[in-house]
Each structure stands twice: as structure tokens, then as C-alpha cells.
Amino acid sequence: RADLPNYKTDQVEQHNSAKTGIWITYGLGVYDVTDFADNHPGGDKILMAAGSAIDPFWAIYQQHNTLEVLELLEGFRIGNLEGVDLKPGASAAEDELGSPWAHEPQRHALLKPASKRPFNAEPPIGLLAEQFLTPNELFYVRNHLPVPVISAEEYELEIESGSSKKKDPLTLNLEEIKALPKHSVTAAIMCGGNRRSEMTKVKAVKGLSWGAGAVGNAKWSGARLCDVLREQGVQPDESKHVIFEGADLDPTSHPYGASIPLSKALDPRGDVILAYEMNGETLSRDHGYPIRVIVPGTVGARNVKWLTRIVVADKESDSHWQQNDYKGFSPSTDWDTVDFSKSDAIQAMPVTSAICTPQPGARVKPDDDDGHITVRGYAWSGGGRKIVRVDLTSDEGKSWHVAELEQEDSPDGRHYGWSLWTARLPISESSGSDVEIWAKAVDSAYNVQPEKFEHIWNLRGVLANAYHKVRVKIA
Ligand code: MTE
Ligand code: MO
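Residues numbered from 1 in each chain as written. Chains lettered and ligands numbered in written order. Predicted model: local features only at pLDDT ≥ 70, side-chain atom pairs only at ≥ 80, totals over all residues. Heavy atoms only, no water.

## Things to note about the site of ligand 1
Inference 1: The environment of ligand 1 is formed by 19 residues, the closest being Tyr140, His144, Asp248, His287 and Lys305.
Inference 2: The backbone of Tyr140 places a nitrogen or oxygen atom 2.6 Å from an oxygen atom of ligand 1.
Inference 3: The separation between an oxygen atom of ligand 1 and a polar main-chain atom of Arg142 is 2.9 Å.
Inference 4: Considering ligand 1 on its own, with 530 Å² of exposed area, one finds that the protein chains cover 100% of that surface. (Near = heavy atom within 4 Å. Polar contact = N/O pair within 3.5 Å; in protein donor to acceptor, adjacent residues only side chain to side chain. Areas by Shrake-Rupley, 256 points an atom, 1.4 Å probe, with all protein chains shown as cover.)

## Focus on the sheet that holds strand β7 (residues 120-122)
Inference 1: Overall, antiparallel pairing links the 3 strands, which are arranged β6-β7-β8 in an open sheet. For this open sheet the edge positions go to β6 (112-115) and β8 (141-142), each flanked by a neighbour on one side alone.
Inference 2: Examined bridge by bridge, β6 and β7 share 3 bridges and lie antiparallel to one another. Residue pairing across strands places Ser115 opposite Asn120, the latter belonging to β7. (Pairing = 2+ DSSP bridges. Helix = DSSP H or I, 4+ residues; strand = E, 2+ residues; numbered from the N terminus.)

## Describing the sheet that holds strand β26 (residues 434-443)
Hydrogen bonds between backbone atoms are what pair the strands of a sheet, whose relative direction is either parallel or antiparallel.
Inference 1: Taken together, the 5 strands give an open sheet; going across it, the order is β20-β27-β26-β22-β23, and neighbouring strands pair in mixed fashion. This sheet does not close on itself; its edge strands, each paired only once, are β20 (363-364) and β23 (401-402).
Inference 2: Sheet topology places strand β22 (residues 387-393) next to β26; 6 bridges connect them, and they run antiparallel. In the sheet register, Asp391 faces β26, and the bridge partner there is Lys440.

## Considerations on the nonpolar core
Inference 1: Grouped together as the largest cluster of nonpolar side chains are 54 residues, with contacts concentrated most on Trp220, Leu229, Phe244 and Leu307.
Inference 2: Looking at this core, the element that brings in the most residues is strand β15 (residues 273-278), giving 5 residues.
Inference 3: Of all hydrophobic cores here, the second largest spans 21 residues; its members include Ile427, Val435, Val470 and Val472. (Core = buried A, V, L, I, M, F, W, Y, C linked by side-chain atoms within 4.5 Å. Buried < 20%, exposed > 50% of the residue type's maximum accessible area, 1.4 Å probe, protein only.)

## Some thoughts on the pattern of salt bridges
Inference 1: Scanning all chains against the criterion turns up 20 salt bridges.
Inference 2: In this structure, the salt-bridge partner of Asp391 is Arg389, at a minimum N-O distance of 2.7 Å.
Inference 3: Take Arg389: its relative accessible area is 30%, and that puts it in the partly exposed class.
Inference 4: Overlapping salt bridges, with partners in common, bring together Glu158, Glu160, Glu245 and Arg309 in one network. (Salt bridge = Lys/Arg side-chain N within 4 Å of Asp/Glu carboxyl O.)

## Description of the environment of Gly371
Inference 1: Mapped onto the elements of the fold, Gly371 is located in the loop between β20 and β21 (372-380).
Inference 2: Along the backbone, Gly371 and Ser428 are 57 residues apart, and their C-alpha atoms lie at a distance of 7.1 Å.
Inference 3: Filtering out sequence-adjacent residues up to four positions away, Gly371 remains in contact with Pro366, Leu425, Pro426 and Ile427. (Contact = heavy atoms within 4.5 Å.)

## With respect to the packing of aromatic side chains
Inference 1: Considering all chains together, one arrives at 11 aromatic pairs under this definition.
Inference 2: Aromatic side chains Tyr140 and Trp210 sit 6.0 Å apart centroid to centroid with 85° between the ring planes, which places their arrangement in the edge-to-face category. Here Tyr140, found in the loop between α5 (125-128) and β8, pairs with Trp210, found in the loop between α7 (196-199) and β12 (215-224); they are 70 residues apart in sequence, far enough to count as distant.
Inference 3: Residue class for Trp210 comes out buried when judged on its relative accessible area of 1%.
Inference 4: Linked through ring pairs, Phe139, Tyr140, Trp210 and Trp220 together constitute an aromatic cluster.
Inference 5: Its guanidinium or amino end placed over the ring of Phe119, Arg107 lies 3.9 Å from that ring's centre, counting from NZ or CZ.
Inference 6: The ring of Trp457 has Lys203 sitting right over it, with the charged end atom 4.3 Å from the ring centre. (Phe/Tyr/Trp six-rings, centres within 6.5 Å; stacked < 30°, edge-to-face > 60°. Lys NZ or Arg CZ within 6 Å of the ring centre and 35° of its normal.)

## Quick notes on the pairing of β21
Inference 1: Bridge analysis of strand β19 (residues 352-357) against β21 gives 5 bridges, and the strand direction is antiparallel. For Thr357, the partnering residue across the bridge sits in β21 and is Arg376.
Inference 2: As defined by bridge partners, β21 adjoins strand β25 (residues 419-426) across 8 bridges and the pair is classed as antiparallel. Note on β25: the bridge partner recorded for Thr374 is Arg424.

## Notes on unusual backbone geometry
Inference 1: A cis amide bond links Asp168 to the next residue, Pro169, at an omega of 0°.
Inference 2: Mapped onto the elements of the fold, Pro169 is located in the loop between β9 (156-160) and β10 (170-173).
Inference 3: Cis geometry is adopted by the peptide bond preceding Pro358, which originates at Thr357 and carries an omega value of -5°.
Inference 4: Among the secondary structure elements, Pro358 is positioned in the loop between β19 and β20.
Inference 5: Here the phi dihedral of Trp306 falls at roughly 50°; this positive angle occurs in a residue that is not glycine.
Inference 6: With respect to the helices and strands, the residue Trp306 is situated in the loop between β17 (292-294) and β18 (307-313).
Inference 7: You can call Trp306 buried: its relative accessible area is 2%.
Inference 8: Phi angles above zero are rare outside glycine, and Tyr446 is one such case at about 55°.
Inference 9: Structurally, Tyr446 can be placed in the loop between β26 and β27 (468-474).

## Description of the confidence of the model for the protein
Inference 1: Here the protein shows a mean pLDDT of 92. Residues at 70 or above account for 95%.
Inference 2: Taken element by element, the protein is modelled with least confidence in helix α4 (residues 90-94), mean pLDDT 45, and with most confidence in β17, mean pLDDT 99.
Inference 3: Overall, residues 86-95 carries pLDDT values under 50, and its contacts beyond four positions in sequence, including any with other chains, amount to 9 contacts.
Inference 4: At the level of chain-chain contacts, confidence expressed as ipTM amounts to 1.00, with global pTM at 0.84. (pLDDT = per-residue confidence, 0-100.)

## Quick notes on the side chain of Asn194
Inference 1: Looking at the element boundaries, Asn194 is found in the loop between β11 (182-190) and α7.
Inference 2: Judged by relative accessible area, Asn194 falls into the buried class, the value being 3%.
Inference 3: Dropping the residues within four chain positions of it, Asn194 is found in contact with Trp210, Gly211, Ala212, Gly213, Ala214, Val215, Tyr378 and Ala464.

Printed below as a string of C-alpha cells:
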């Protein structure tokens, strides 16, 4: 299409709303889909790509891969993309040799970084409730340090069980771990700071500004930690802890580390695994290749990636992330009064939920003529507690509507996967054109999310589980 003009990516980026016109790119083509957006069969999802490439979206929404759709798109072509480098890895190669950042993996274009070094990113929340198992390349990434380079051949896991009966420490290579009985568990991993950006609105907190996308749900497979520890002769002891260390080192050469109670590690119903697969694929480098520990029901920070060492110990991990981070405090505690030694490290997470579609500010058309809007999202609770109900309101709690749940049929106490939910909310004439939708989840212990952030505010912005509130316009 050499007859058409060339555009640069920043020109495309400026056309990202109904006001400016909606431009998208596909391959090397530039398209003006402003007039088409209202008729898009997928509704306002097309807006997620406004001003950018639709290729990554189409990789997920496979229904676009037909000749008809490509022909339709070609009808909106206005030009060609200029000066794009399609070679992958160009930015990593630019790094000076020897920089700890020279070996960062390639990431999916849809993971928008909250921080690039270390890499921290969540997927667009509008995509999160599309699939029960989050696609690996869209699963949020939370790294505190550069991603270590580990080869399968050289990898070793050291296990110091403190048991006098066996050879100790025990060293396992990757083949030996894979030779152990394989176990799978569906578990959501959620960062302790998920939804921090909402808590910040009450009063500033310190931490990465996560939206509601610092969570994902996957099927993890690997060896059970309880099998390995039992084989080593480790006996139950409620006063003990299991410390995990990663291969990622801070500038003072201390590894990332965390710990969990030994009782969780030894409990077969705890489903703690030394995982080498995520959704049936080899674990990717960002998610802990070749081995990470999965601690279902427990805050993300304890699910140590690039696992190199396990120690059964009398005390918790002395790492920064166990001792001076990932802890909750009273709303009246601030940086001048905080004493991290006085709070417990977060383990099981509290009940939470989020509305994934519609997104804040979206214009929503009620379905057909019965005046309902469809709302979708996720809900999850820590400690294996199952989600039993999700309630929605569009009139500030005067009336509530119960959502339909999509979840695994695992027993309560061992219900580690998230639940997706769908609700149909009636929109009455008195609602007006601006409506605020609220969602709250209830878990099997009948724990309910708190209504507002004011009373759960804490200086690190963790445990941000108040009602999720999304304001939309009724079209
Ligand atoms: N493990 C190591 N070795 N290094 C890390 O920085 N981050 C932790 C945890 N495990 C981290 C780690 C935190 S805070 C979270 S929320 C999860 O990994 C994120 O896992 P993900 O990147 O696979 O989503
Ligand atoms: Mo985290």
C-alpha cells in the first residue's frame, strides 16, 4: 500500500479516543476505526487498543483471525507505520554488556510496566476476567531485582531440613525434581499491593501503583514440598518455619527471600509445590524458571521464584521482604511511628473482588430493551477459602444483585483458584446517566470486604480489599 501516507507510532498514539479519533495499527498498517467503534461486536473492548497495535489483542480474541475480518479492517486503512523496528530484543541488546539488566526476557506488549527496572507490570484489567486460567504471557510480573539467568543443566536446589536421620543438606537437580510424583493445583497468585492505587486516593502510600491486575489464576504443576520434607524425615512442629531463597541477588548479594509456617509446608491439603510448569507450559523466566515455590492461598511475596535454597528453621526468614515489608498496620500508624517488628508478616490474603468490565468511564448500553447491564469480574480469598457469593449494587447499596460464579469444584479450605463472576444489573430511569457500580465478595467464613478504604488505610498500601467501585456512563 505504497500509495498511502506514512505515520509514526507517536502520531497513532495521539488518536486514542472518540474525541481525537480512534486509530489502531495491525502489522504495518494504520487504520482509522472511529466510525466502526460503535458497531464493534465486542463493544468498547476495541478502546483498549486505541492509539496502539491490535495484534496482541487479536492473539487473545481468536475470532478475528478470519478473511472477512481482515477485509473489513482493510477498508479502514489510512496509511502505513513508519520506522518500526520489528526485531525482538533490540532494547535488551542495547544494554552495556555486564549490566544486570542485559538479560531481561522479552515481555508481551500488553503488560504495561509500572516500573521497567525491576520489571513490574499488570495486564489491562478489561482482559483479566476473559479466561478462567490467565494466559501465561498476560500474567502480571512482580520482580524486585534483575531476572537471573539459570540453565536447566546447572540448576540445583539445596534443602536444609535440619533432620539428623538423612543426608543433610540434600541437593536436587531439575531432573530429580521432575522425577518426583507430579501434582497440579489451580491457584491464584495475588500481590500484597494489588489495588494499591485505590487506597492511595485516601492518602498517599509508598509502593508501586498497582491497579486491580496484580493477580492471575493458573494451573501450577510440580513436586509437592510435603513429599520432599517428609522423605527427609522432617517432623511436624508448629513453632518452625520454612525459608525460601531465590537466585536473584540484591546489590549487597543477598537473595530475595521469604518464609511460611512449617505447618503449611507439611500439610498435604496446603498443596505447596515446587513448580516447573504453569498452565501446562514450562515456567517462563519472568515467573521463576526453572523452579518456583507455589504457596496457594498465600500472598504473592512468599511464592519465591528462581528457588535455590529451602531451610527448615526456628525463625522466619530475616529477609527485608519478610521483616520490613508486606505487613499491615493501623490507619493511624505512619512512617514516623512505624515499628515493623510489631506486625505479623502477611500470609493468607483477605477476601477481595474487582470489576473488570465495564471499565471506569466507559459508556455502557443496556442490553436490548430490558435495561440491564452486564458486569464481569473476579473474586478471591486467601487461605483456601472459597468464594460463596458476590453482590453488586448500582444504587449505593439500596438494592443488591447476586452474581453468577464460575469456579472450580474444589473443597473449601483447599479452594485456591479464583472465581470469575457475571452479574446483570437493572438500570432504572432514575439512575440517570452516571452510575457507580459496587462489588463485594463473601468467602466461606462469611468474611466480607470492607466498604471503604478509609478504615483499612496503611502506609504501605497493602491488603487493599475494600468494595471495588466503578463509575460508568449509561449510553
Ligand atoms: N521471588 C523472587 N525470587 N524475587 C521476587 O522479586 N517477587 C514476589 C514473588 N516471588 C519475587 C519472588 C512477589 S512480591 C510477587 S507478588 C510474586 O512473586 C509475583 O509473581 P509473578 O511475577 O510470577 O506474578
Ligand atoms: Mo508482591
